[in-house]
Protein chains: 2
Amino acid sequence: MNVYRYEENPLVTPRDVKPHRDDFEVIGAFNAGIAQYKDEVIMLLRVAERPISDEPKVVKAPVYNVETGELEIHSLDLDDERYDFSDPRVICEKKNGKSFSYLTSLSYIRLARSKDGRNFTIDDEPFIYPSNELETFGIEDPRVTQIGDTYYIYYSAVSPAGVGESLVSTKDFVEVEHHGMIFCPENKDVLIFPEKINGLYYALHRPVPKSTGAPEIWVAESTNLLHWGNHKHLIGLRDGMWDNGRIGGGAVPIKTEKGWLELYHGASKDDRYCMGAVLLDLENPAKVIARSETPILEPEADYEVDGFFGNVVFSCGVLVEGDVVKMYYGVADTSMACAELSLQEILDSLTY
Amino acid sequence: MNVYRYEENPLVTPRDVKPHRDDFEVIGAFNAGIAQYKDEVIMLLRVAERPISDEPKVVKAPVYNVETGELEIHSLDLDDERYDFSDPRVICEKKNGKSFSYLTSLSYIRLARSKDGRNFTIDDEPFIYPSNELETFGIEDPRVTQIGDTYYIYYSAVSPAGVGESLVSTKDFVEVEHHGMIFCPENKDVLIFPEKINGLYYALHRPVPKSTGAPEIWVAESTNLLHWGNHKHLIGLRDGMWDNGRIGGGAVPIKTEKGWLELYHGASKDDRYCMGAVLLDLENPAKVIARSETPILEPEADYEVDGFFGNVVFSCGVLVEGDVVKMYYGVADTSMACAELSLQEILDSLTY
C-alpha cells in the first residue's frame, strides 16, 4: 500500500492548543472528525486536558458537575492501594477489575480550520463541551456525517453511568442542536452513512458487551437518525491477525461502485492500533463483500509510535477527492496527522 | 406488605413440561411473560432444557446451528482446567474472567394456558425457538406488552456475539412476526410501556456496560417500537441495600393515578433476587417520583429459596384487576409461582 504522509505531520499537536482554563494543560488534540464546510476543512478535534499538578504523587481527575456547570477536581494519591494507575488514561478501583472509576483527563470538542488541509488554525474556545449527566467524564472521538446542509456530529459520551454515543447537529458550526444519546452504553465508534439506503438510514456501531461477546462492529437502521434498531452483528475479531483485540468503525462510509467502503480501526491484543478496510453491499450494508487481510495504515512514523498512548493510528474522518483518500487520523492519543492513499489501491487490496 | 402466595404454588415446574427432544431434560420453566388473551391467562414460559448426560464428568452445552436448524452438542470435561464450571448456568474460559463461552442449557419460549390463572395446561411444542445467529445460545425471559390487538413479545437473545433484546409480535399466539434486535448487546430486561406518552413510545431497558457503569435501569423512546433512542439513565444500584448488585425492569409498567408503577427486580451482591417498585411520572417516564426502600417480595417460600439457582423471585409479568396485582414470577430459576398484592399498598409503601 502506497501511503503518502504529509511533510507537515503532525498537523496539530497539544502545544498548538490553548488550554480552556489557566490551571489546565492540553495533553491531546487527536481523533478529530472531519468536515468540508464552504472553502474550509474543519477538524473537530478531541482535545484532552488535565489539571496541572505540582505534586508528583497526586493524580487529579476532572469531573463535570451538571448542577454548577463547573469542573470538580478529584485528587487521588498514587500510593493509594485501592487504585490501579497502570493505564495512563484511566483510574480503576482494584476491586472493580478493569472497570474505571475516573479518567485522568477531560475531553471535549474544539474546532480547527484550514484552507489547504495541511495548515490549521485552532479556535481559542471549546466548540462542544460536556453539558449533561451522561457527559460528566467528557466527550470523545467525534465523527461528522453531512446530509444535505446539516452536519450530524456524534461522539462518545462518558460518565459513571457508562460510555454511550450522543448526537448533535449544526448547519454552520456555530449553533448546535442536541438530540440526546442515540446508542446506550456500552457503545462507541458510531458511523452514520451519508444517505438513505432503500428508504432507511444506516449506522455502524461498536457495542462492548460484558457477559459474553467482544468489541466488534454492528450495523443498525433508522427512519429518523434519532432512534435505531434492527441491530445486526457485522464483522468480528480475527484470531492471530492485526485486528484480534478490538475493532470499531473509523471514517464515514465511502460510496464506491463496488460497495460502501468503511475504513475501520483494529487493535491487537497488545493495543497496537492500525487502520484497515471492509467493503459492504451497496444495497444492504449488513452484507460484507470484502475485508483487509493486512492493515492499510500502521503506526510507523515516530509521532505514531511515541506519545501519551503510543502505537496508535486512529482515523475518525477522511476527505475523498477522485481517487485520493485524505485520511486524517489521531496519532498516539496525542496529535493529528494526515496521509493520502489511493481509493482504487485500497479496493484492490481487499480479500473478496 | 401483605403477600398472598397461591396455595397451588409452584404453578408450573420442570416436571410438568415435556422435553422438546427425547435426549433432553427440562431443568427450568420460569420467568414467564404474562398476557390476557380472550378468556385465558397465557404464560410465555422460558423453558430451559439440557442434553441428558450419563457421564458425571462431562458437561454438555447445546448450541443452535443456524445453517442446519439443529442443535449442536458441545461436550466439555469437568476436569478441563481451562474452564470454570462454578456457576451452574454458564461455562467460562478462565482466561476470559466472568465472560462466558457456553450456557449449560438452551432456553426457548413455550406457552401455557389457564382459565383460572392457577391451573395451567402446557403446550407440547415450543412457541418461539431460536431462529437466527443472534439466538444460538437461546432466548430468555420474555415480556409481553399488548397495544391494541397486537401482543409485542420481546426477550433476551443470547449468542457468542452478546446478549441483546429482540422483538416479535402476534395477534393470536399462533402466527409470529419477527422484528429483529431492538436493543443491542449488552442489554436485557426491556419493558415497553402499553401506550404512547405525548406521542412517543417508551421502554425501560437494562444495559450492562463493561468499561465503567453498572447493570442499572435506563429509559428510551421510539416512534415505531422498532427503533429506539434518547437513552437516559433512570435508576441505579443503592449501596448497602437489597438492590446493590444489579437491577432490571420486571413487569410491564402499570398506569395508576399517581404515575407509572414499575415492579422491578433487584439483586444483592450475593445474588439474592427480590422484587421492588419504582413510580415514574405519568407525562415523563424519565422522571422518578418514588421507590421502594425495602422489597415488596422476597424469596422466603421453600420453592423460592431452593432450586437450580436459589434465592430468586423474578417477575416478568403481572395482571392487575382493580386493586389486586397478580404477580406471576419465576422462582429459583426453576419454576413459576404467583402471589397477590394490593396495588394501593405497594403505592403507599414507596418513599416519595
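Residues numbered from 1 in each chain as written. Chains lettered and ligands numbered in written order. Predicted model: local features only at pLDDT ≥ 70, side-chain atom pairs only at ≥ 80, totals over all residues. Heavy atoms only, no water.

What to know about the overall build of chain A
Then, number 1: When its secondary structure is counted, chain A shows two helices and 26 strands.
Then, number 2: Whereas a compact globule of 352 residues would reach a radius of gyration of roughly 20 Å, chain A reaches 19 Å, a difference of no more than 12%.
Then, number 3: If you line up chain A on its principal axes, its C-alpha atoms span 55 × 45 × 40 Å.
Then, number 4: Per-residue burial over chain A gives 62% buried out of 352 residues.
Then, number 5: Carbon and sulfur atoms form 45% of the exposed surface of chain A, whose accessible area is close to 13400 Å².
Then, number 6: Measuring between centres, the 34 positive side-chain charges of chain A sit 3 Å from its 59 negative side-chain charges. (Helix = DSSP H or I, 4+ residues; strand = E, 2+ residues; numbered from the N terminus. Rg over C-alpha atoms; globule rule 2.2 N^0.38 Å. Buried < 20%, exposed > 50% of the residue type's maximum accessible area, 1.4 Å probe, protein only. Areas by Shrake-Rupley, 256 points an atom, 1.4 Å probe, with all protein chains shown as cover. Lys, Arg positive; Asp, Glu negative; His and termini not counted. Charge placed at Lys NZ, Arg CZ, Asp CG, Glu CD.)

Quick word on the sheet that holds strand 8 (residues 100–103) of chain A
All names here are of chain A.
Then, number 1: The strand order 6-7-8 describes an open sheet built from three strands, whose pairing is antiparallel. Of all strands in the sheet, those with a lone pairing partner are strand 6 (83–84) and strand 8, marking the two edges.
Then, number 2: Sheet topology note: the strand 7 (residues 90–93)/strand 8 ladder contains three bridges and is antiparallel. In the sheet register, Cys92 faces strand 8, and the bridge partner there is Phe100. (Pairing = 2+ DSSP bridges.)

Here we look at the pattern of salt bridges
Residue and element names in this part refer to chain A.
Then, number 1: Within this structure, the stated rule accounts for 50 salt bridges over all chains.
Then, number 2: In this structure, Asp243 engages Arg291 in a salt bridge whose closest nitrogen and oxygen atoms are separated by 2.9 Å. In this pair, Asp243 sits in the loop between strand 18 (227–235) and strand 19 (246–249) while Arg291 sits in strand 23 (residues 288–291), placing the two residues 48 residues apart along the sequence. Accessibility assignment for this pair places Asp243 and Arg291 in one class, buried.
Then, number 3: Here the salt bridges share partners, and the residues they tie into one network are Asp39, Glu40, Arg113, Lys115 and Asp123. (Salt bridge = Lys/Arg side-chain N within 4 Å of Asp/Glu carboxyl O.)

Here we look at the relation of the copies chain B and chain A
Then, number 1: Of the transformation placing chain B onto chain A, the axial shift is 0.0 Å and the rotation is 180°, giving an RMSD of 0.0 Å. Such values leave the two copies arranged in the relation of a two-fold axis.
Then, number 2: Interface overlap between copies is the fraction of interface residues in one copy that are interface residues in the other; for chain B against chain A it reaches 100%, indicating a shared surface. (Least-squares fit on C-alpha atoms with pLDDT ≥ 70 in both. Contact = heavy atoms within 4.5 Å.)

Topic: unusual backbone geometry
Then, number 1: Cis geometry marks the peptide bond from Pro185 of chain A to Glu186 of chain A; its omega dihedral reads -10°.
Then, number 2: Put simply, Asn9 of chain B and Pro10 of chain B share a cis peptide bond, and its omega is -10°.
Then, number 3: Residue position: Pro10 of chain B is located in the loop between strand 1 (4–5) and strand 2 (24–37).
Then, number 4: One non-glycine residue, Asn31 of chain A, lies in positive phi territory at about 45°.
Then, number 5: With respect to the helices and strands, the residue Asn31 of chain A is situated in strand 2 (residues 24–37).
Then, number 6: The class of Asn31 of chain A is buried, set by a relative accessible area of 2%.
Then, number 7: You will see that Asp333 of chain B, though not glycine, has its phi angle at about 50°, which is positive.

Points about the pairing of strand 2 of chain A
All names here are of chain A.
Then, number 1: Strand 2 sits mainly inside the fold: twelve of its 14 residues count as buried.
Then, number 2: Note: strand 2 against strand 3 (residues 40–51), eleven bridges, orientation antiparallel. In the strand pairing of strand 3, Gln36 is matched with Val41.
Then, number 3: Where strand 2 folds back on strand 3, the antiparallel hairpin that results is connected by two residues, among which Lys38 adopts a positive phi of roughly 50°.

Side note on the interface of chain B and chain A
Then, number 1: In this assembly, 39 residues from chain B lie in contact with 39 residues from chain A.
Then, number 2: Linking chain B with chain A are zero salt bridges, by the criterion used here.
Then, number 3: Where chain B touches chain A, the interface holds 17 residue pairs in polar contact (both at pLDDT 80 or more).
Then, number 4: Within the residue set of the side of chain B that touches chain A, elements represented by two or more residues are strand 13 (162–170), strand 14 (177–183), strand 16 (201–207), strand 17 (217–222) and strand 18 (227–235) of chain B.
Then, number 5: Examining the composition of the side of chain B that touches chain A, we find that six residues originate from one element, strand 18 of chain B, more than from any other.
Then, number 6: In the side of chain B that touches chain A, the residues fall into 16 nonpolar, 18 polar and five charged.
Then, number 7: Strand direction decides the pairing type here: strand 18 of chain A and strand 18 of chain B, joined by three bridges, are antiparallel. Bridging across to strand 18 of chain B, Trp228 of chain A finds its partner in Trp228 of chain B. (Polar contact = N/O pair within 3.5 Å; in protein donor to acceptor, adjacent residues only side chain to side chain. Nonpolar A, V, L, I, M, F, W, Y, C, P; charged D, E, K, R; others polar.)

Section: the side chain of Glu140 of chain A
Then, number 1: Checked against the element boundaries, Glu140 of chain A lands in strand 11 (residues 138–147).
Then, number 2: Here Glu140 of chain A is in contact with Arg46, Leu103, Ser107, Tyr155, Ser156, Val158 and Lys188 of chain A, once residues within four sequence places are set aside.

Concerning the sheet that holds strand 26 (residues 335–342) of chain A
All names here are of chain A.
Then, number 1: If you walk across this open sheet you meet the four strands as 1-26-25-24, and the pairing is antiparallel. Where the open sheet ends on each side, the last strands, each with one partner, are strand 1 (4–5) and strand 24 (313–321).
Then, number 2: As paired strands, strand 1 and strand 26 are joined by two bridges and run antiparallel to one another. In the sheet register, Arg5 faces strand 26, and the bridge partner there is Ala339.

Description of the packing of aromatic side chains
Residue and element names in this part refer to chain A.
Then, number 1: Tallying each qualifying case throughout the model produces 31 aromatic pairs over all chains.
Then, number 2: Aromatic pair Tyr83 and Phe85: ring centres 6.2 Å apart, planes at 50°, arrangement tilted.
Then, number 3: On the basis of relative accessibility, which here comes to 12%, the residue Tyr83 falls in the buried class.
Then, number 4: Grouping aromatic residues by their ring pairs yields a cluster made of Tyr37, Phe127, Tyr151 and Phe173.
Then, number 5: Taking NZ or CZ as reference, Arg89 lies 3.7 Å from the ring centre of Phe309, over its face.
Then, number 6: Stacked on the ring of Tyr6, the Lys or Arg Arg118 has its end atom at 3.9 Å from the ring centre. (Phe/Tyr/Trp six-rings, centres within 6.5 Å; stacked < 30°, edge-to-face > 60°. Lys NZ or Arg CZ within 6 Å of the ring centre and 35° of its normal.)

Description of the side chain of Thr256 of chain A
All names here are of chain A.
Then, number 1: Summarising the element assignment, Thr256 is placed in the loop between strand 20 (254–255) and strand 21 (260–267).
Then, number 2: Taking relative accessible area as the criterion, Thr256 reaches 9% and is therefore assigned buried.
Then, number 3: A polar contact is formed between the side chain of Thr256 and the backbone nitrogen of Lys258, at a distance of 3.1 Å.

As for the pairing of strand 4 (residues 58–64) of chain A
Then, number 1: The buried fraction of strand 4 of chain A amounts to six of the seven residues, a majority that puts the element mostly inside the structure.
Then, number 2: The loop that links strand 4 of chain A with its antiparallel partner strand 5 (residues 71–77) of chain A comprises six residues; one of these, Gly69 of chain A, has a positive phi angle of about 75°.

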